[in-house]
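Close look at the chain arrangement
Here are the chains, one letter per residue:
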Amino acid sequence: MAADGFELNAFLPYRLNRAAEFVAVRFAAEYKARYQLTRPEWRTLAALGSSARAMTATDVGTHSAMHKTKVSRAVSGLEERRWLKRSANQDDRRLEHLELTKAGRTAYRELTDLASAYQAQLNDLIGASGLKALSTGLEAIERAIDAAEKRSSRS
């Protein structure tokens, strides 16, 4: 135990961040090497690719928990690659609808294949019982997030 009584390695936010970084950095190295994508670009592509409808930048930010400036830069980067197209909202010209182009959908499919292969590597690394326990814990956190968001939206 630390001299001050606080055990950093037992602090849940610290542990979650370390685990997330370990998992994300290894996958980021793969998609960066193959596609030269940044993490925000991957997360934006994934949000748009997994949605059945066009999204606004705000939707992407909410879905991926990214700040609007990161979303904006990612949208620009994907647009430069011609993987994303913007269209104005007819009711509110301040809003733009974002969706993947045919090339963007192709890249998304290729990247989800890469993600599936990476998931299989994680399954081997962590093991079935470890993954089940991790999934159960994450589901509890996600339920807490949903409850907190519902409370704050009512306020």
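Note that the structure is a prediction, hence the values are computed from the model and not measured.

**What to know about helix 4 (residues 68-80)**
The α-helix winds at 3.6 residues per turn, so residues separated by three or four positions along the chain end up facing the same way. Here helix 4 is 13 residues long and its end C-alpha atoms lie 18 Å apart, about the 18 Å a rise of 1.5 Å per residue gives. Residues of helix 4 that are buried: Val71, Ala74, Val75, Gly77 and Leu78. Projected onto a plane normal to the axis of helix 4, the buried residues spread over an arc of 165 degrees and lie on a single side. Across from the buried face of helix 4, at angles greater than 90 degrees, the exposed residues are Arg73 and Glu80.

**A few points about helix 1 (residues 12-35)**
Between its first and last C-alpha, helix 1 extends 33 Å over 24 residues, near the 34 Å set by a 1.5 Å rise per residue. Three or more residues of helix 1 are buried, namely Phe27, Ala28, Tyr31 and Tyr35. Here the buried face of helix 1 lies against helix 2 (39-50) and helix 5 (102-126). Positive phi appears at Gln36, one or two residues downstream of helix 1, with a value of about 55 degrees.

Thresholds applied
Per chain, the residues get numbers from 1 upward, laid out in the order the sequence is written. Predicted model: local features are reported for residues with pLDDT of at least 70 only, side-chain atom pairs are reported and counted for 80 or more only, and whole-chain, interface and lining totals are derived from all residues. As a rule here, side-chain values cover all heavy atoms of the structure and leave hydrogens and water aside. The helix and strand labels rest on DSSP assignments: H or I over at least four residues marks a helix, E over at least two residues marks a strand, and numbering proceeds from the N terminus. Helix span is expected to be 1.5 Å times the residue number reduced by one. Here's how the labels work: a residue is buried when its accessible area is under 20% of the maximum for its type, exposed when over 50%, partly exposed in between, all with a 1.4 Å probe on protein chains only. Directions are taken from the helix axis to each C-beta atom, and the arc is the one they span. Should any heavy atoms of two residues lie within 4.5 Å, those residues are considered in contact.

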